[in-house]
Amino acid sequence: MRDVVIATTAASYSGNKGAAAMLQSSISQLREIYGHRLSVNLMSVYPSEDRCQLPFDFINVVSCKPEMLMAVAFPLAILYRVFRWCPPIRNLLCKQKILKTYSRTDLVIDEAGISFVDSRGFLMNTYAFICMAVPLLMGVPVVKYAQAMGPFHSFWNRFLAKWVLPRLKLICARGEQTRENLASIGITRNVHLCADGAFTMPDSPAHDHKVEEACQKDIAFWNDRVVGLSISSVVQEKCTRMGICYPQIMADFTNWLTQKGYHVFLLANAARMNSQKLRNNDLPVGDEIYSLIADKTNVRWNRAEMDAEEIRGYIGKCRYLVASRFHAMVGSLERQVPVLLVGWSHKYQEVLDMFGLGQYAIDFSQLDLESLKKSFNSFVESEPKIRGSITAHYDTVINSSLDNVRFIRAEIDRALAKPLPKGMRDLNHSDAYLGEHITCRMGYATQEEMRDNAASGGMVTALLCHWLTTGQIDGALVSRSEIVDGCLSHRSWIATTPEEVCSASSSIYMHMGLLQHLDQVRNFPGKVAVVLTPCLTEALDRMLQKDAVLRQKIVLKLSLFCSCNHTQGATLLPLQKLGISLAGANRLYYRRGHWRGQSAVLFQDKSEKRFSYTKSFCAYKNAFFFAMKKCMLCQDQFGRAADISFGDIWLKEMRNNPIKHTCCVIRTPRAWNMYCSALDAGVITDHHMTDRQMVMGQKRALTFKYNCAKAKQKWMNTYGGTRELDLRDRCHWNHRLAFALARHNQAFAANSPQKLAFIPMKLIYWEMCFIRALLSF
């Protein structure tokens with residue numbers, strides 16, 4: 001299975017909580033369908049704020065501010081369309097982050113609550129157009145989540161809508177009026193009627209509990225005479241243009257309500273705490289209304305940026321809601337609380353019509369205190385009828401809301417079914433490399449001391465220690481390098497305490513016959529986890545199919561990513577060139593510390609010698625000197641037979657991260673449950689990682705294993721090898737040259753180690769860099 005990568009545009013978690021509710025609805029439902037395969041790119045106009053409010057770790061926030069989208073991304077997308085036939089120009093254009101994101105996206109969901117409305121003017125309608133035009137120009141399918149559109153009387157709005165909307169795969173019209181507006185300009189083929197997506201935002205027990213606790217402490221909520229008042233900066237601006245003082249009318253209305261014995265709960269369904277701008281921000285309006293209220297005793301003004309679920313929780317505690325924000329109205333109807341509207345567009349009316357309540361909407365242009373009082377009194381008198389109508393239509397509307405994702409899922413599946421461009425298998429069909437798996441994660445050991453001596457993020461050490469401590473395993477087959485009487489060696493044993501596990505942290509880059517230690521496992525009185533390389537894990541897996549005793553003992557197979565194994569020469573020769581003797585030494589750390597790290601030899605007198613890993617061991621190892629001949633043909637980088645595989649993340653964006661991470665591929669339910677137990681206990685910190693990121697993080701190793709396969713096949717034929725290779729990836733001149741150099745170096749080290757010792761290590765390093773460069777494209 002491959003990743004499912006979705007981008008959402010025209011909606012953010014911060015600011016407008018109606019947009020947040022739509023995001024929660026669509027993303028939660030898609031997650032239920034696609035599980036861990038789903039990744040979401042949130043094209044955000046408030047990237048910093050959104051990163052602080054993300055509810056899921058599989059959402060990636062991409063800065064998509066209007067000025068950047070319109071002035072930079074849109075012109076570049078046009079060039080992309082023109083030069084899409086030319087890979088160098090296309091790749092250059094994709095250096096721009098918005099274009100780069102869309103180039104790796106399967107489908108874009110436009111979640112604007114309202115678009116292409118005459119009254120929104122030139123700028124807003126142009127922005128709505130460009131939000132969809134950029135991905136369309138790049139060949140990415142676009143769908144519209146349920147929203148209001150039209151009317152289309154102005155030339156510019158009609159022109160933009162008629163150009164872009166027919167090119168969308170799906171338009172979810174939020175009501176009959178929107179569907180009629182679209183039909184008036186000839187758009188019917190790709191239109192489906194769907195209720196607003198926020199109706200199906202999942203409830204949040206945590207937010208409901210928070211609201212319940214707050215209401216129990218506030219006497220205002222101790223009876224059923226609470227009126228929610230959802231205010232709106234948008235309605236205020238429109239009223240101001242018509243000479244209507246919206247804040248004063250709302251304040252006077254609040255005074256009137258409190259005089260009638262009601263408690264009033266003022267709420268902002270759009271909020272930006274650190275801004276006085278009115279765009280997506282009702283807080284300044286709320287402040288003004290609250291300051292004008294004569295008696296504040298029975299008025300609550302929750303001046304905060306609440307999550308969409310929290311807002312809905314408070315609405316559910318109200319007897320009635322008087323709303324000027326559309327999605328406050330939706331939240332009220334979802335909680336089956338009667339709602340009276342003060343709005344500005346057909347978008348309110350068409351949703352109320354779904355419940356047979358269209359008469360309870362007041363147009364802002366007719367707003368005055370007396371008419372509002374009169375409407376509220378009539379509204380209260382009709383409460384039984386209103387509640388009955390909500391109940392009667394509720395299930396139909398909820399089912400219509402669910403249609404949004406049903407239709408979108410069909411479009412996603414169609415997009416996934418299309419054959420990929422030539423050469424894209426390595427980025428999108430990851431199972432060919434990773435094997436069948438549940439999910440990919442990246443993270444690190446929470447305890448810093450566990451990371452100090454680790455080759456990466458210390459995750460394997462932390463997990464083994466946790467499983468031992470909690471009794472999920474009784475021992476772990478681990479290994480560490482040792483130096484005995486000045487000779488390099490290793491020790492493999494079953495660790496039974498966290499201290500023993502920690503002593504075995506860090507990688508070992510030399511051949512070890514670990515399967516010869518299986519008798520220790522057979523004789524061990526308990527459950528064991530084993531840590532092996534991919535080839536040994538595969539061999540063990542075959543043994544377990546025939547050996548019932550071992551099968552009962554070994555409860556978890558852990559594999560470490562492996563690009564190639566080496567003889568001791570790859571360790572001893574660099575030490576010799578550096579003038580480091582192993583006499584008096586007791587431990588070698590091949591790599592520890594940040595990024596590629598440093599190497600270190602520890603001596604019995606507590607001293608140590610540190611040196612560059614990259615320009616010593618890494619140089620010989622990655623230039624394939626002293627490589628095992630069988631490893632030159634191996635194509636298992638990720639330990640496909642393991643329950644969990646672990647390795648480094650060689651991604652550019654991770655280089656400057658102050659904490660080095662470990663990535664892992666989790667393949668079995670048992671492994672996932674054991675992993676989650678450690679996560680819940682707080683011994684590791686982790687977050688989502690896409691399959692694409694996993695593959696790209698091992699790109700050079702995979703290029704050598706797969707793109708060089710055809711060159712390997714010819715080499716294997718010369719000595720009668722029988723290994724079956726996956727030959728689907730393209731083998732270019734650079735791959736053939738890289739393999740020729742690797743094959744030469746492997747043979748040269750095996751046949752002429754004395755001559756190799758005379759070659760300066762700096763030349764070895766630069767040849768390694770050249771080989772890595774050849775494997776980079």
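Here goes a summary of the coordinates provided. Fair warning: this is a prediction, and the values are worked out from it, not measured in the lab.

**Concerning the nonpolar core**
M329, L333 and F376 are the most contacted members of the largest nonpolar core, which has 107 residues in total. Core analysis: the second largest hydrophobic core is formed by 51 residues, I483, C564, M628 and L774 among them.

**Structural notes on the pattern of salt bridges**
This model, assessed by the stated rule, comprises 32 salt bridges. In this structure, E608 and R592 form a salt bridge, with 2.7 Å as the shortest nitrogen-oxygen distance. A residue pair is termed long-range when its members are at least 10 positions apart, and E608 in strand β24 (residues 608–612) and R592 in strand β22 (residues 585–592) qualify at 16 residues. A relative accessible area of 33% places E608 in the partly exposed class. Residues participating in the shared-partner salt-bridge network are D203, D208, R312, E334 and R335.

**A word on the packing of aromatic side chains**
Enumeration according to the criterion identifies 34 aromatic pairs in this entry. Here the aromatic rings of F155 and F159 are separated by 6.1 Å at their centres, their planes lie at 20 degrees, and the arrangement is stacked. Taken together, the residues F155 and F159, both in helix α7 (residues 155–164) and four residues apart, mark about one turn of the helix. Taking relative accessible area as the criterion, F155 reaches 59% and is therefore assigned exposed. Ring centres of F221 and Y314 lie 6.2 Å apart, and the angle between their planes is 45 degrees; on these two criteria the pair is classed as tilted. One end of the pair, F221, is in the loop between α9 (205–217) and β10 (226–231); the other, Y314, is in helix α13 (residues 308–315), and 93 residues separate them in sequence. Across the pair, exposure class does not vary: F221 and Y314 are buried alike. By the ring-pair criterion, three or more aromatic residues cluster together here, those being F253, W256, Y262, Y320, Y360, F376 and F379. In this structure, R225 is placed above the aromatic ring of Y262, and the distance from its NZ or CZ to the ring centre is 4.0 Å.

**Describing a nonpolar patch on the surface**
Taken together, F122, L123, F155, W156, F159 and W163 make up a surface patch of nonpolar side chains, about 670 Å² in accessible area. Residue assignment for the nonpolar patch shows that the elements contributing at least two residues are α6 (121–137) and α7. Top element by residues in the nonpolar patch is α7. It accounts for four residues. Residue classification places F159 among the partly exposed residues on the basis of a relative accessible area of 41%.

**Here's the deal with the environment of I659**
Structurally, the position occupied by I659 is in the loop between β25 (644–647) and β26 (662–666). A sequence separation of 84 residues divides I659 from L575, and the C-alpha atoms of the two residues are 28 Å apart. Non-local contacts of I659, meaning those with residues more than four positions away in its chain, are made with Y444, R451 and H594.

**Concerning the sheet that holds strand β14 (residues 320–323)**
Pairing within the open sheet is parallel, and its six strands lie in the order β13-β11-β10-β14-β15-β16. The sheet is open, and its two edges are formed by β13 (299–301) and β16 (361–363), each paired on a single side. Here the average twist between neighbouring strands, direction ignored, is 15 degrees. Bridge count for β10 against strand β11 (residues 263–268) is six bridges, and the pairing is parallel. Paired with V227 across the strands is V264, a residue of β11. The strands touched by helix α15 (residues 346–354) within the sheet are β15 (339–343) and β16, with β15 carrying the most contacts at an inclination of about 160 degrees.

**A look at the environment of V62**
In this structure, V62 sits in strand β4 (residues 59–63). Taking the C-alpha atoms as reference points, V62 and L540, separated by 478 residues in sequence, lie 43 Å from one another. Apart from residues lying up to four places away in sequence, V62 is in contact with N41, L42, M43, S44, K97 and T101.

**Looking at the environment of A128**
Mapped onto the secondary structure, A128 falls in helix α6. It is 8.1 Å that separates the C-alpha atoms of A128 and A112, two residues lying 16 residues apart in sequence. If sequence neighbours within four positions are ignored, A128 has contacts with S115 and F116.

**Side note on helix α16 (residues 369–381)**
Under the 1.5 Å per step criterion, the end-to-end length of α16 is 19 Å for 13 residues, consistent within 8% with the ideal 18 Å. Taken together, the buried positions of α16 are L369, L372, K373, F376 and F379. Axial view of α16: buried residues confined to an arc of 125 degrees, hence all on one face. With respect to the buried face of α16, the exposed residues turned more than 90 degrees away are E370, K374 and E381. In this structure, the buried side of α16 is in contact with β10, α11 (246–259), β14, β15, β16 and α17 (383–417). Of the residues that open α16, the one with a side-chain oxygen 3.1 Å from the backbone nitrogen of E370 is D368.

**Overview of the packing of α9 against α13**
At their nearest, the axes of α9 and α13 sit 9 Å apart, and the two run at 45 degrees to each other. Classified by the angle between their axes, α9 and α13 sit oblique to one another. For the pair α9 and α13, the crossing hand works out as right-handed. Along its contact with α9, which presents H207, D208, K210, V211, A214 and C215, the element α13 presents E309, E310, G313 and Y314. For the contact of α9 with α13, the residue count by class is four nonpolar, two polar and four charged.

**Quick look at the packing of α11 against α16**
What describes two packed helices is the angle between their axes and the distance between those same axes. The geometry of α11 relative to α16 is characterised by a closest axis approach of 10 Å and an angle of 45 degrees between their N-to-C directions. On the basis of the axis angle, α11 is oblique to α16. In the packing of α11 onto α16, the handedness of the crossing is right-handed. Each of I249, M250, D252, F253, W256 and L257 in α11 lies in contact with α16, whose residues at this interface are L369, L372, K373, F376 and N377. Of the residues belonging to the contact of α11 with α16, the class tally is eight nonpolar, one polar and two charged.

**Some words on the pairing of strand β3 (residues 38–44)**
Where burial is concerned, most of β3 is hidden: seven out of the seven residues are buried. With burial as the criterion, each face of β3 is covered, one bearing L38, V40, L42 and S44 and the other bearing S39, N41 and M43. Pairing of strand β1 (residues 4–9) with β3, which is carried by five bridges, proceeds in the parallel orientation. Opposite I6, over in β3, you have V40 as the bridge partner. Bridge analysis of β3 against β4 gives five bridges, and the strand direction is parallel. Residue M43 lies in a different strand from β4, and its bridge partner there is V62.

About the criteria used
- Residues numbered from 1 in each chain as written.
- Predicted model: local features only at pLDDT ≥ 70, side-chain atom pairs only at ≥ 80, totals over all residues.
- Heavy atoms only, no water.
- Core = buried A, V, L, I, M, F, W, Y, C linked by side-chain atoms within 4.5 Å.
- Buried < 20%, exposed > 50% of the residue type's maximum accessible area, 1.4 Å probe, protein only.
- Salt bridge = Lys/Arg side-chain N within 4 Å of Asp/Glu carboxyl O.
- Helix = DSSP H or I, 4+ residues; strand = E, 2+ residues; numbered from the N terminus.
- Phe/Tyr/Trp six-rings, centres within 6.5 Å; stacked < 30°, edge-to-face > 60°.
- Lys NZ or Arg CZ within 6 Å of the ring centre and 35° of its normal.
- Patch = residues over 30% accessible without salt bridge, like charges linked within 9 Å, V, L, I, M, F, W, Y side chains within 5 Å.
- Areas by Shrake-Rupley, 256 points an atom, 1.4 Å probe, with all protein chains shown as cover.
- Contact = heavy atoms within 4.5 Å.
- Pairing = 2+ DSSP bridges.
- Axes fitted to C-alpha atoms, helices over the stretch in contact; angles between N-to-C directions.
- Expected span 1.5 Å × (residues − 1).
- Arc of directions from axis to C-beta.
- Polar contact = N/O pair within 3.5 Å; in protein donor to acceptor, adjacent residues only side chain to side chain.
- Parallel < 35°, antiparallel > 145°, perpendicular 65-115°, else oblique.
- Left-handed = near helix turned anticlockwise from the far one by under 90°.
- Nonpolar A, V, L, I, M, F, W, Y, C, P; charged D, E, K, R; others polar.

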